[in-house]
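Listed here are the chains, written in short residue letters.
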Amino acid sequence: MIPLVESFYSFQGEGRFVGTPSIFIRLGGCNLGCAGFGVKIDTLIGCDSLKAVNQEYFSHTWKKIDNLIPIINDYLKELDFKPDIVITGGEPLLHYQNPILLDALKESVLKGHRVTFETNATIEIDFLRFPIYKKIVFAMSVKLENSGEPKSKRINTDAISAIVSNTKESFFKFVLSENDVNTKEIKEITKEYPNTSIYCMPLGSRASELRKSDKAVANFCIQNGYNFVDRMHIRLWDNEEGR
Ligand code: SF4
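A few points on the structure. Computed from a predicted model, the values in this text were never measured in an experiment.

Time to look at unusual backbone geometry. Cis rather than trans, the peptide bond between Gly-89 and Gly-90 has omega equal to 15°. Structurally, Gly-90 can be placed in the loop between strand S6 (84–88) and helix H4 (99–110). Even without being glycine, Asp-42 reaches a positive phi, approximately 50°. Examined against the element boundaries, Asp-42 turns out to sit in the loop between strand S3 (39–41) and strand S4 (44–46). Phi at Ala-121 takes a positive value of approximately 55°, unusual for a residue other than glycine. Note on Ala-121: relative accessible area 0%, which makes it buried.

Have a look at this one:
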């Protein structure tokens, strides 16, 4: 069994592959809480993926899946090209040893899809035991101080180093508000990985919130040599589900 929060077909809204048609598989559970991002649902506070994070409140809405391949194939049968497959969460690496996920990854890679994991990069992958992960792209959204999580929990240099040294296309992705554009943390986190690209994007779960910080984050990127990237799905559709 693997907990599936939702699946949908859309385009990648952020990171290196922004704009790319993609099938999204969102898995349940996260090892962080990120209350600092300030998204509220009832009395809960967290990130814009709260429904995939908070097991106590939302796990009854997650589907227990014993095979992901038919779910992906249902989208593929409508398409005559190969979209990306994006495994997201929550923190999808919580499930990285799950045979149901491994089967779907092997099938997708074999068919020639680019598969990306959107991860907080705190869970160290055993690439020797699970070599399929060498063929995956990791969007490492390492959390900064603004997440509200302690540094000891949000930064695992062994996990980051394992990803960088075992994969070819992985990259860093950071979320910043207008209050964070003086941060030195990005330099500190990425200094050991000079060949790994860095993307920064504005914080917000609505277009109106993105507008508050987008220019400041863009200027921060220009000054520091980082890539600025928008959150296009939010810009177009706010936080509508299935987008
Ligand atoms: S790590 Fe990501 S999914 Fe988990 S709580 Fe933080 S922002 Fe949300």
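Now that the structure has been shown, we can carry on.
Time to look at empty space enclosed by the protein. Summed over all chains, the structure comprises 3 cavities of 30 Å³ or more. The space that makes up the largest cavity amounts to roughly 50 Å³. What lines the largest cavity is simply Gln-12, Glu-14, Gly-15, Arg-16, Phe-17, Asp-84, Val-86, Thr-116, Glu-118, Ala-139, Phe-171 and Lys-173. Elements with a contribution of two residues or more to the lining of the largest cavity: S6, strand S7 (115–119) and strand S9 (171–176). Class assignment for the residues of the lining of the largest cavity results in 4 nonpolar, 3 polar and 5 charged.

Scoring rules and cut-offs
- Residues numbered from 1 in each chain as written.
- Predicted model: local features only at pLDDT ≥ 70, side-chain atom pairs only at ≥ 80, totals over all residues.
- Heavy atoms only, no water.
- Helix = DSSP H or I, 4+ residues; strand = E, 2+ residues; numbered from the N terminus.
- Buried < 20%, exposed > 50% of the residue type's maximum accessible area, 1.4 Å probe, protein only.
- 1 Å grid on protein atoms, 1.4 Å probe; cavity = no way out; pocket = protein on both sides within 12 Å on 5 of 7 lines; lining within 4 Å.
- Points joined across faces, edges and corners; volume = space filled by probe spheres on them.
- Nonpolar A, V, L, I, M, F, W, Y, C, P; charged D, E, K, R; others polar.

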